[in-house]
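Secondary and tertiary structure notes
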Amino acid sequence: MDLSLDAISKLPRYRFVSLLLLFSAIAIEQAFRTLKEIEWLGTFVAMGVYCFLIVTTYRRLRDASLSGAWVSLMIFNFSFGPSWNDFYLSNLINLIPMFLGWIVPGSVDKISSRI
């Protein structure tokens, strides 16, 4: 089983890995929130996982021949509109590049579908 960034950025594995990384980052952050003394450690660990999600998404978008600038939506924080427990509905904008990576076929997928 190949676990390199090239293999992970292919469409079938990317869907699973991106969901796993996203839920891991959220779960780590929430788990460390209960421990008030070391909450900062959970933030650093969750940010490391989220950075890996950003890198993987960038590789997936480049594999699908899309601009890497889409990843900037994952980096900037959008906090406007209705909120619930410090979660703004506009934070879902950060997930647009990940959803693009799910639905856009990769360059290898496009070639194999023409044959």
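Residues numbered from 1 in each chain as written. Predicted model: local features only at pLDDT ≥ 70, side-chain atom pairs only at ≥ 80, totals over all residues. Heavy atoms only, no water.

1. Section: the overall build of the protein chain
Spelled out, the test is: Helix and strand assignments follow DSSP, with helices taken as H or I runs no shorter than four residues and strands as E runs no shorter than two, numbered in order from the N terminus. Working definition: with a 1.4 Å probe on protein chains only, accessible area under 20% of the residue-type maximum means buried, over 50% means exposed, and in between means partly exposed. In short, Shrake-Rupley with a 1.4 Å probe defines the accessible areas, and a residue's cover is counted only from the protein chains shown.
A tally of helices and strands in the protein chain yields six helices and two strands. In the protein chain, which comprises 115 residues, the share counted as buried stands at 32%. Of the roughly 7,500 Å² that the protein chain leaves accessible, carbon and sulfur atoms contribute 70%.

2. Remarks on the nonpolar core
Heads up, the rule is: In this description, a nonpolar core means a group of buried Ala, Val, Leu, Ile, Met, Phe, Trp, Tyr and Cys residues linked to one another through side-chain atoms lying within 4.5 Å. Contacts: residue pairs with any heavy atoms within 4.5 Å of one another.
Counting residues in hydrophobic clusters, the biggest one holds 18 residues, and the most contacted among them are Leu 21, Leu 22, Tyr 50, Leu 53, Ile 54, Met 74 and Met 98. Those elements that place two or more of their residues in this core are helix 2 (11–33), helix 3 (39–63) and helix 5 (96–103). Setting aside its immediate chain neighbours within four residues, Met 74 contacts Tyr 50, Leu 53, Ile 54, Thr 57, Asn 94 and Pro 97.

3. Here's the deal with a nonpolar patch on the surface
Going by this rule: Surface patches are drawn from residues lacking salt bridges whose relative accessible area is over 30%; two like charges belong together within 9 Å, two nonpolar side chains (Val, Leu, Ile, Met, Phe, Trp, Tyr) within 5 Å. Salt bridges are defined as contacts in which a side-chain nitrogen from Lys or Arg sits within 4 Å of a carboxyl oxygen from Asp or Glu.
Residues Leu 35, Ile 38, Trp 40, Leu 41, Phe 44 and Val 45 make up a contiguous nonpolar surface patch of roughly 570 Å² in combined accessible area. Here Trp 40 is to be found in helix 3.

4. Some points on the pattern of salt bridges
Applying the stated criterion across every chain yields a total of two salt bridges. Between Arg 33 and Glu 29 there is a salt bridge whose closest N-O contact spans 3.9 Å. Here Arg 33 pairs with Glu 29, and both are found in helix 2, just four residues apart, close to one helical turn. Residue classification places Glu 29 among the buried residues on the basis of a relative accessible area of 18%. Among the ionic pairs, Arg 60 bridges to Asp 63, the shortest N-O distance being 3.1 Å. In this pair, Arg 60 and Asp 63 are both assigned in helix 3, three residues apart and thus about one turn of the helix distant. We note that Arg 60, like Asp 63, is buried.

5. Comments concerning the layout of surface pockets
Applicable threshold: For cavity detection a 1 Å grid was placed over the protein atoms alone, and a set of points counts as a cavity when a 1.4 Å probe fits there but cannot get out; an open set counts as a pocket when protein lies on both sides within 12 Å along at least five of seven lines, with lining residues being those that have an atom within 4 Å of a point. Grid points are joined across faces, edges and corners, and a volume is the space filled by probe spheres set on the points. Gly is put with the polar residues, along with every residue not named as nonpolar or charged; the nonpolar set is Ala, Val, Leu, Ile, Met, Phe, Trp, Tyr, Cys and Pro, and the charged set is Asp, Glu, Lys and Arg.
Computed from the structure, the largest pocket encloses a volume of approximately 870 Å³. The wall of the largest pocket is formed by 23 residues, among which Ile 26, Glu 29, Tyr 50, Phe 87 and Asn 91 lie closest to the centre. Among the secondary structure elements, those contributing two or more residues to the lining of the largest pocket are helix 2, helix 3, helix 4 (72–75) and strand 2 (87–88). For the lining of the largest pocket, the element with the highest residue contribution is helix 2, accounting for six residues. The class makeup of the residues in the lining of the largest pocket is 13 nonpolar, seven polar and three charged.

6. Side note on the side chain of Asn 94
Put simply, the test is: By the criterion applied in these results, polar contacts are pairs of N or O atoms within 3.5 Å in which, for protein atoms, one can donate a hydrogen and the other can accept it, and in which residues neighboring in sequence qualify only through two side-chain atoms.
Take Asn 94: it is sitting in the loop between strand 2 and helix 5. Accessibility expressed as a relative area gives 10% for Asn 94, which makes it buried. Of note is the side chain of Asn 94, whose polar atom sits 3.0 Å from the backbone oxygen of Phe 76. Beyond its immediate chain neighbours, meaning those up to four positions away, Asn 94 contacts Tyr 50, Leu 73, Met 74, Phe 76, Asn 77 and Phe 78.

7. Section: the packing of helix 2 against helix 5
Test applied: Each axis is a line fitted through C-alpha atoms, taken for helices only over the stretch in contact, and angles between the N-to-C directions span 0 to 180 degrees. Small angles under 35 degrees read as roughly parallel and large ones over 145 as roughly antiparallel, with 65 to 115 read as roughly perpendicular and the rest as oblique. The crossing is said to be left-handed when, going from far helix to near helix, the turn is anticlockwise and less than a right angle, and right-handed when the turn is clockwise.
It is at 9 Å that the axes of helix 2 and helix 5 come closest, and there the two elements cross at 155 degrees. The orientation of helix 2 with respect to helix 5, classified from their angle, is roughly antiparallel. Handedness of the crossing formed by helix 2 with helix 5: left-handed. Seen from helix 2, the contacting residues are Leu 11, Tyr 14, Arg 15, Ser 18, Leu 19 and Leu 22; seen from helix 5, they are Pro 97, Met 98, Gly 101 and Trp 102. Class assignment of the residues belonging to the contact of helix 2 with helix 5 gives a composition of seven nonpolar, two polar and one charged.

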